[in-house]
Amino acid sequence: MEYKSFQVMIWCISHLSLSLCSHSRRTGQYNVQRCKGSGKAPYQRCSSQDSLDEQAMVDYFKEVEIIQRSGDAETQEDLQLKVADEGEQEEAWLMEAGLATLFDESASDGEDSIVLLSTLTRTQAAAVERRVETLKQTLRKRNKPYSVPDVREIFKPSPASQSKDEAGSTERSASSKQEVEGLGNGAGPDAETDINLEVSFSEQALIYKEGLKVTQPQNEADDRLPDFRVSQDKTGQTRVGDLSAEDMKKVRRLVLIEMSALFDTCGIEVKAHKALKVKVRESGLFGVSLSTLLEQDQRRILGTKVPLILQHLISHIEEQGLDTEGVLRIPGAATRVKAVCHELEHKFYEGMFPWESLKQHDTASLLKLFIRELPYPLLTVEYFNAFISVLKLPTKKQQLQALNLLVLLLPEPNRDTLKALMEFFQRVTDHKDRNKMTLNNVAVVMAPNIFMCKGFRSKISEQQEFAMATGTANIVRLLVRYQNLLWTIPKFVLNQVRKHNMENQRKMNRDRVVKKLLKKMAYDRERASDKQEKNTEVRGAEGGFIRVQAPQFSMVSMAIQLTEDLKASDVLTRFLSQERSLSVKREDLCLYEMGGNIKERCLDEETYIKAVLELNPSAEWVIKSVQH
């Protein structure tokens, strides 16, 4: 059947009053007819469409037509995305947030849940309370026994600490309000484009909602989006990959709560889909899950984080095709692409595929096919609706904050693959003068490939699809344009992780008391020894130096003078000046903050050591080589 996208394009350009009907779910076909007796179009442009011109949207629907003609979407009809039932969603959310003990007393994370709850802000606590209360009401409706605690008991402080906690809460609220006021009112011409990572995003949204509103830039056309920037912080930026897996697990739990709190504060309900259960290939390149691909690739190259086939496709385009006009937009020959895909499946891992004969437009089509053929969407089924709901947030800044949180929530293979794609798209737009691919052009042709996940198109109406077109294209624009901000872990989340770690350490110390009492003599000697070492370290810090260790290299430790201006880059420079025989490159070295209230954190070179020391007095400093 013919996909009548040409008529859809005409609708977009002329704004005629049209009626959409007879939608075939298998092919995505639309029969477009004029409305009789109606002066109103059935679809109204969403606000985000102002930032994308109508010619760009024509390119979007051309891409949809190409996808439909390729035939790879036809196998998706039987897959149905389902929203979790009332109550199931709250249970799944609490489990993912590490708070299963709030509805299941037998859960093993009871003590850790209490520690996590103690780190939450008022908006985050409200998000937890809302889901616990909803779950309790659902169980009551079903006449099922439940052990869900009263929400008033969840955050009830002990009598001894109540006054202290109330004072701290008041102080934090006043501090948050003051900081947002400073950023938003009278802080200079750059205030509207400063991203504050020190105050919870949901707290900022609440203050915005309460009246401290900042005039936000309107949606800009083409590539003229605001230049948002992160406020300079002496403790350094923390990016994805800088933390240990143990601390990243805590980050993910806190980010889930914060993301939900942000949407709750803005009055936006996001319903998560249930995970898809599909039969997937256990080997190969196309139609294989990211986890399976990476297992295959890591057996060949240890530490691979992005599928090798995707890396090769990107490299091939970059080596020969970044200046090719219409790269990503102009499709390759369908029969040739299908043949090349089959050839890659058989020759890629043997190193026998003739890359030199592969045409650039065919390569781009293969890259898009790879993304579409993933059995589970790159943005995941669970967070698909949340990504689409981002543009409902009232300001561009809040949209970026939500995307930042969602990127951090993605499973590691999805997040790393998405990052590689966004960096590639940025390099494509860097050559826009020659390849004619602006940020808008890239966004509109890639949006259908990223967002047309299996089972989703059959669940939306024709009217919703037009809104999806502009919305998803704008989300891709934001992901490409602000990728340097989106893969950053906000400082307020990191501070909550530090607090979580400190509370866990206090608990562990209390648990060790009984054992230590049984070995009192040994304990006393150990304590005296620890005290002596601690005093030595304190005297060292007070004396104005830190001790840096490099166990991977010949130097056991190195004393460095501590000054106000000492940065991580200065420590690495000093180390390299003393270890001149090293074969490792400067860019492969990193100074780590280890121990104390953090497991492990790779410091960016602009981090001020004294600022980190004030935040984590018990930290140790270690130089290690890193794998890029």
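Further up the page is the structure itself.
Everything numeric in this text was worked out from a predicted model, so none of it was measured.

Remarks on the sheet that holds strand 9 (residues 589–595)
Then, number 1: Reading across the sheet, the five strands line up as 8-7-11-9-10 and stay open at both edges, with mixed pairing between neighbours. One side of each edge strand has no neighbouring strand; the edge strands of this open sheet are strand 8 (557–561) and strand 10 (598–602). Taking each pair of neighbouring strands and ignoring which way they run, the sheet shows an average axis angle of 30°.
Then, number 2: Two elements, strand 9 and strand 10, share four bridges in a ladder whose sense is antiparallel. Paired with Met 594 across the two strands is Glu 600, which belongs to strand 10.

Some words on the packing of aromatic side chains
Then, number 1: Following the criterion strictly, the structure yields 10 aromatic pairs and no others.
Then, number 2: Between Phe 286 and Phe 370, the ring centres sit 6.3 Å apart and the planes meet at 75°, which makes this aromatic pair edge-to-face. Remark: Phe 370 occurs in helix 13 (residues 360–373) and Phe 286 occurs in the loop between helix 9 (245–265) and helix 10 (290–298); sequence separation between them is 84 residues. An identical accessibility class is assigned to Phe 286 and Phe 370; each is buried.
Then, number 3: Above the face of the Tyr 608 ring, Lys 234 is positioned so that its terminal group lies 5.0 Å from the ring centre.
Then, number 4: The ring of Tyr 592 carries Lys 624 above its face, with NZ or CZ at 4.5 Å from the centroid.

Here's the deal with the side chain of Glu 90
Then, number 1: Residue placement: Glu 90 occurs in helix 3 (residues 88–96).
Then, number 2: Arg 131 is the oppositely charged side chain nearest to the buried, salt-bridge-free Glu 90, at an N-O distance of 6.0 Å.
Then, number 3: Sequence-distant contacts of Glu 90, that is, excluding residues within four places in its chain, are made with Arg 131, Thr 134 and Leu 135.

Focus: the nonpolar core
Then, number 1: One finds Leu 328, Leu 344 and Leu 367 to be the most contacted residues of the largest nonpolar core, which totals 122 residues.
Then, number 2: Filtering out sequence-adjacent residues up to four positions away, Leu 367 remains in contact with Leu 310, Leu 313, Ile 314, Ile 317, Leu 421, Phe 424 and Met 446.
Then, number 3: By size, the runner-up hydrophobic cluster in this structure holds 21 residues, among which are Leu 603, Leu 613, Ala 619 and Trp 621.

Digging into the pattern of salt bridges
Then, number 1: Counting across every chain of the model gives 27 salt bridges.
Then, number 2: Across the salt bridge formed by Arg 434 and Asp 323, the nearest N and O atoms sit 3.2 Å from each other. You can see Arg 434 sitting in helix 17 (residues 432–435) and its partner Asp 323 sitting in the loop between helix 11 (308–320) and helix 12 (334–347), a full 111 residues away along the chain.
Then, number 3: In this structure, Lys 347 and Glu 343 form a salt bridge, with 3.1 Å as the shortest nitrogen-oxygen distance.

A closer look at the packing of helix 11 against helix 13
In a packed pair of helices, the relevant descriptors are the angle between the two axes and the axis-to-axis distance.
Then, number 1: The contact between helix 11 and helix 13 brings their axes to 10 Å, and the two run at 150°. The angle between helix 11 and helix 13 falls in the class roughly antiparallel. Both helix 11 and helix 13 take part in a crossing whose hand is left-handed. For the pair helix 11 and helix 13, the contacting residues are Ile 309, Leu 310, Leu 313, Ile 314, His 316, Ile 317 and Gln 320 in the first and Gln 360, Thr 363, Ala 364, Leu 366, Leu 367 and Phe 370 in the second.
Then, number 2: A class-by-class count of the residues in the contact of helix 11 with helix 13 yields nine nonpolar, four polar and no charged.

Calculation notes
- Residues numbered from 1 in each chain as written.
- Predicted model: local features only at pLDDT ≥ 70, side-chain atom pairs only at ≥ 80, totals over all residues.
- Heavy atoms only, no water.
- Pairing = 2+ DSSP bridges.
- Helix = DSSP H or I, 4+ residues; strand = E, 2+ residues; numbered from the N terminus.
- Axes fitted to C-alpha atoms, helices over the stretch in contact; angles between N-to-C directions.
- Phe/Tyr/Trp six-rings, centres within 6.5 Å; stacked < 30°, edge-to-face > 60°.
- Buried < 20%, exposed > 50% of the residue type's maximum accessible area, 1.4 Å probe, protein only.
- Lys NZ or Arg CZ within 6 Å of the ring centre and 35° of its normal.
- Lys, Arg positive; Asp, Glu negative; His and termini not counted.
- Salt bridge = Lys/Arg side-chain N within 4 Å of Asp/Glu carboxyl O.
- Contact = heavy atoms within 4.5 Å.
- Core = buried A, V, L, I, M, F, W, Y, C linked by side-chain atoms within 4.5 Å.
- Parallel < 35°, antiparallel > 145°, perpendicular 65-115°, else oblique.
- Left-handed = near helix turned anticlockwise from the far one by under 90°.
- Nonpolar A, V, L, I, M, F, W, Y, C, P; charged D, E, K, R; others polar.

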